[in-house]
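Understanding the architecture of this molecule
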Amino acid sequence: MTHGPDSDILIAGGGLSGLPLALACAQGGLSVTVVDALDPATATDAKFDGRVSAIALASCRMLEQLGVTQHLEGQMQPINDIMVTDGRVREGASPFFLHFDHREIGNEPLGNLIENRHIRIALQKAVAAEPLIRLLAPQSVTRLDYGAQAVATLGNGETVSARLCFAADGRNSPAREAAGIKTIGWDYGQTGIVSTVEHELPHEGVAQEYFLPGGPFAILPMVGNRSSLVWTEKTEDAKAILALDDAAFADEMRARFGDYLGACAPVGPRWSYPLTLQLARDYIRPRLALIGDAAHGIHPIAGQGLNLGLRDVAAAAEVVVDAARLGLDIGALDVLERYQRWRRFDNVALSLLMDGLNRLFSNDIGPVRLARDLGLGVVSRIGPARRFFMRHAGGVVGDLPRLLRGEAV
Ligand SMILES: Cc1cc2nc3c(=O)[nH]c(=O)nc-3n(C[C@H](O)[C@H](O)[C@H](O)COP(=O)(O)OP(=O)(O)OC[C@H]3O[C@@H](n4cnc5c(N)ncnc54)[C@H](O)[C@@H]3O)c2cc1C
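Notes on the structure in this doc start here. (Residues numbered from 1 in each chain as written. Predicted model: local features only at pLDDT ≥ 70, side-chain atom pairs only at ≥ 80, totals over all residues. Heavy atoms only, no water.)

**Observations regarding the environment of Arg-176**
Here is the rule we go by: Each helix corresponds to a stretch of at least 4 residues labelled H or I by DSSP, and each strand to a stretch of at least 2 residues labelled E; elements are numbered beginning at the N terminus. Exposure is judged per residue with a 1.4 Å probe applied to protein chains only, and the accessible area is read against the type maximum: over 50% gives exposed, under 20% gives buried, and values in between give partly exposed. Two residues form a contact once any of their heavy atoms are found within 4.5 Å.
Residue placement: Arg-176 occurs in helix H5 (residues 174–178). By relative accessible area, which is 1% here, Arg-176 ends up buried. A C-alpha to C-alpha distance of 27 Å links Arg-176 and Ala-126, two positions 50 residues apart in sequence. Those residues within four positions of Arg-176 in sequence are excluded, and the remaining contacts are Gly-170, Arg-171, Ile-181, Thr-183, Gln-278, Ala-280, Leu-290, Asp-293 and Ala-294.

If you want it as structure tokens, here you go:
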């Protein structure tokens, strides 16, 4: 006797991409099992992930539609403006800058900055309230077999079957590796230092991207008089900075941060992330599809990595929910090809744009510095160009899946 699958969908990895995908598929009437290796309490611990994510306007609309935003009250810092400048440590900014003001394209902010920890807490609450989702955590997927169903073997020896498996298991994606899907990419030789800064004056929702020779120094406004730093340095320099005592670290930080927000000081732990580019050559196999960092790990220069993952979520959910409504096999390659066509080009194009920006700005070569400063000044003075970049930053352009338009899947 043959058994039907345990769920319609299995998601290996319940991180920032995996849990929204579970919610989106469940909203479309599909049953979902999510397996995540981390204990949910560890994943939301203040020491686990100090990052803050810039969530673009379209991604925010999707989180609202999925019932996540209601659990984020008081945790979302609107991004009103973005300032982009070039400079050198202890020398201040160049006179050329680029200013994006959200009022130029509408009343809504360009997005929101939310602490990853709070996004995870909100996702966990939304998932707990959804009867079609079963979350198994902490539990690992140790093996995947594909045939008439996708069958995951878990660390405790149990098996879970589904019509389709999504790999949302991050950059090193064991599911991608096991399926033999190759990646292309390179190491930037840079490390992102993440730290929170408290300051005297309010930031007014202005995000700063300050390009220094070692790499971009991003100041991301948080709720209250706090900002999150994503401070990129060549890996050797980052190691030395991370090894400094608190007073010397604060001094190095202030040499870059400046005094535009009055007195300031780093608070809490420091985190560090090695920066690489990693793009999967294919996103699909029969009964398997990659989403999020499993498909594309990119440079955080413009805070787009998770936004790409959330766009994958919206497209993947729409594809499988539409197929299920038509009575099609949701794990069949021809169904999944629609997802791959929808997302792969966009992801590669944006990843390479981020790569190019990082190369253009992470150096101190005189003629290059002059050209990019002039470029910043020119774009800043041309209204249509400014608005084009802002709409892209908000993720509201292109062939948007229903969820990113704020509609039900
Ligand atoms: C410094 C820095 C700043 C960033 N800032 C931004 C930003 O402002 N905006 C933005 O959009 N993006 C940003 N990003 C990118 C963003 O953080 C990532 O794109 C995002 O976290 C990827 O989420 P994910 O769920 O795809 O992968 P992950 O977060 O890596 O999650 C993978 C999950 O899979 C689980 N897992 C792995 N293996 C298994 C297994 N065998 N079995 C079960 N579970 C498994 C893990 O436990 C984990 O929970 C930033 C990245 C960095 C490094």
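Picking up where we left off.
**Things to note about the pairing of strand S12 (residues 183–199)**
Under the convention used in this document: Whether two strands pair comes down to DSSP finding at least two bridges between them.
In terms of strand pairing, S12 meets strand S16 (residues 264–280) through 14 bridges, oriented antiparallel. The partner of Thr-183 across the bridge, within S16, is Ala-280. Here 9 bridges tie S12 to strand S15 (residues 226–234), and the two strands are oriented antiparallel to one another. The residue of S15 that forms the bridge with Glu-198 is Arg-226.

**Digging into helix H1 (residues 18–27)**
Within H1, 9 of the 10 residues are buried, which leaves the element mostly enclosed by the surrounding structure. Considered for burial, the residues of H1 that qualify are Gly-18, Leu-19, Pro-20, Leu-21, Ala-22, Leu-23, Ala-24, Cys-25 and Ala-26. The elements touched by buried residues of H1 are strand S1 (7–12), strand S2 (32–35), helix H4 (116–128), strand S8 (133–136), strand S11 (159–167) and helix H8 (305–325). After H1 finishes, the residue Gly-29 shows a positive phi value of roughly 90°.

**With respect to the sheet that holds strand S7 (residues 111–115)**
Which entries qualify depends on this criterion: Lines fitted to the C-alpha atoms define the axes, with helices restricted to the stretch that makes contact. Angles between their N-to-C directions range from 0 to 180 degrees.
In space, the 3 strands of this open sheet follow the order S3-S7-S4, with antiparallel pairing throughout. For this open sheet the edge positions go to strand S3 (52–56) and strand S4 (77–78), each flanked by a neighbour on one side alone. Contacting S3 and S7, H4 runs over the sheet at an angle of about 90° to S7.

**Examining the packing of H8 against helix H9 (residues 333–361)**
To keep things clear, this is the line we draw: Should an angle lie under 35 degrees it is considered roughly parallel, over 145 roughly antiparallel, and from 65 to 115 roughly perpendicular; all remaining angles are considered oblique. Crossing handedness: left-handed means the near helix sits turned counterclockwise from the far one by under a right angle, and right-handed means the same turn made clockwise. All residues other than Ala, Val, Leu, Ile, Met, Phe, Trp, Tyr, Cys, Pro, Asp, Glu, Lys and Arg, Gly among them, are scored as polar; the first ten of these are nonpolar and the last four charged.
For the pair H8 and H9, the least separation of the axes is 9 Å and the interaxial angle reads 165°. On the basis of the axis angle, H8 is roughly antiparallel to H9. The two elements H8 and H9 meet at a crossing, and its hand is right-handed. On H9, the residues that touch Leu-308, Arg-311, Asp-312, Ala-315, Ala-316, Glu-318, Val-319, Asp-322 and Ala-323 of H8 are Val-335, Arg-338, Tyr-339, Trp-342, Arg-343, Asp-346, Asn-347, Leu-350 and Ser-351. A per-class count over the contact of H8 with H9 returns 9 nonpolar, 2 polar and 7 charged.

**Examining the side chain of Ser-53**
Within the fold, Ser-53 resides in strand S3. A relative accessible area of 11% means that Ser-53 is categorised as buried. Not counting residues up to four positions away in its chain, the partners in contact with Ser-53 are Asn-112, Leu-113, Ile-114, Asn-116, Ile-119 and Leu-306.

**Quick notes on the state of the cysteines**
Applicable threshold: In what follows, a disulfide is any cysteine sulfur pair within 2.5 Å.
Considering all chains together, one arrives at 0 disulfides under this definition. Among the cysteines around Cys-165, which has no disulfide bond, Cys-25 carries the closest sulfur, lying 12 Å off. Since its relative accessible area comes to 0%, Cys-165 is described here as buried.

**Considerations on the nonpolar core**
Short version of the rule: Within this scheme, the nonpolar core is defined by two criteria: the residues are buried Ala, Val, Leu, Ile, Met, Phe, Trp, Tyr or Cys, and they are joined through side-chain atoms within 4.5 Å.
In terms of nonpolar packing, the biggest core is built from 72 residues, with Ile-9, Ile-11, Leu-21, Val-68, Phe-166 and Tyr-339 touching the most fellow members. No other element matches the 11 residues that H8 contributes to this core. Once residues within four sequence positions are removed from consideration, Val-68 is found in contact with Leu-23, Leu-63, Ala-122, Leu-123 and Ala-126. The next biggest cluster of nonpolar side chains, apart from the first, holds 27 residues, and it includes Val-52, Phe-100, Ala-207 and Leu-220.

**With respect to unusual backbone geometry**
A cis amide bond links Ala-137 to the next residue, Pro-138, at an omega of 0°. Of note in the backbone geometry, Glu-204 takes a positive phi value of approximately 60° without being a glycine. Following the sequence through the fold, Glu-204 ends up in the loop between S12 and strand S13 (206–212). The residue Arg-287 is not glycine, and still its phi comes out positive at about 70°. Overall, Arg-287 belongs to the buried group, its relative accessible area being 11%.

**Concerning the pattern of salt bridges**
Where we set the bar: For this document, the term salt bridge refers to a Lys or Arg side-chain nitrogen within 4 Å of an Asp or Glu carboxyl oxygen.
According to the stated counting rule, one finds 26 salt bridges in the structure shown. For Glu-318, the salt bridge identified is with Arg-338, shortest N-O distance 3.9 Å. Here the residue Glu-318 occupies a position in helix H8, and Arg-338 occupies one in helix H9, the gap between them amounting to 20 residues. Accessibility expressed as a relative area gives 32% for Arg-338, which makes it partly exposed. Salt-bridge contacts for Asp-346 lead to Arg-343; the nearest nitrogen and oxygen are separated by 2.6 Å. Here Asp-346 and its partner Arg-343 are both found in helix H9, 3 residues apart, which amounts to about one turn of the helix. Accessibility expressed as a relative area gives 5% for Arg-343, which makes it buried. Three or more residues are tied together by salt bridges with common partners; here these are Glu-318, Asp-322, Arg-325, Arg-338 and Arg-402.

Take it as geometry only, folks, not as evidence of what the structure does.
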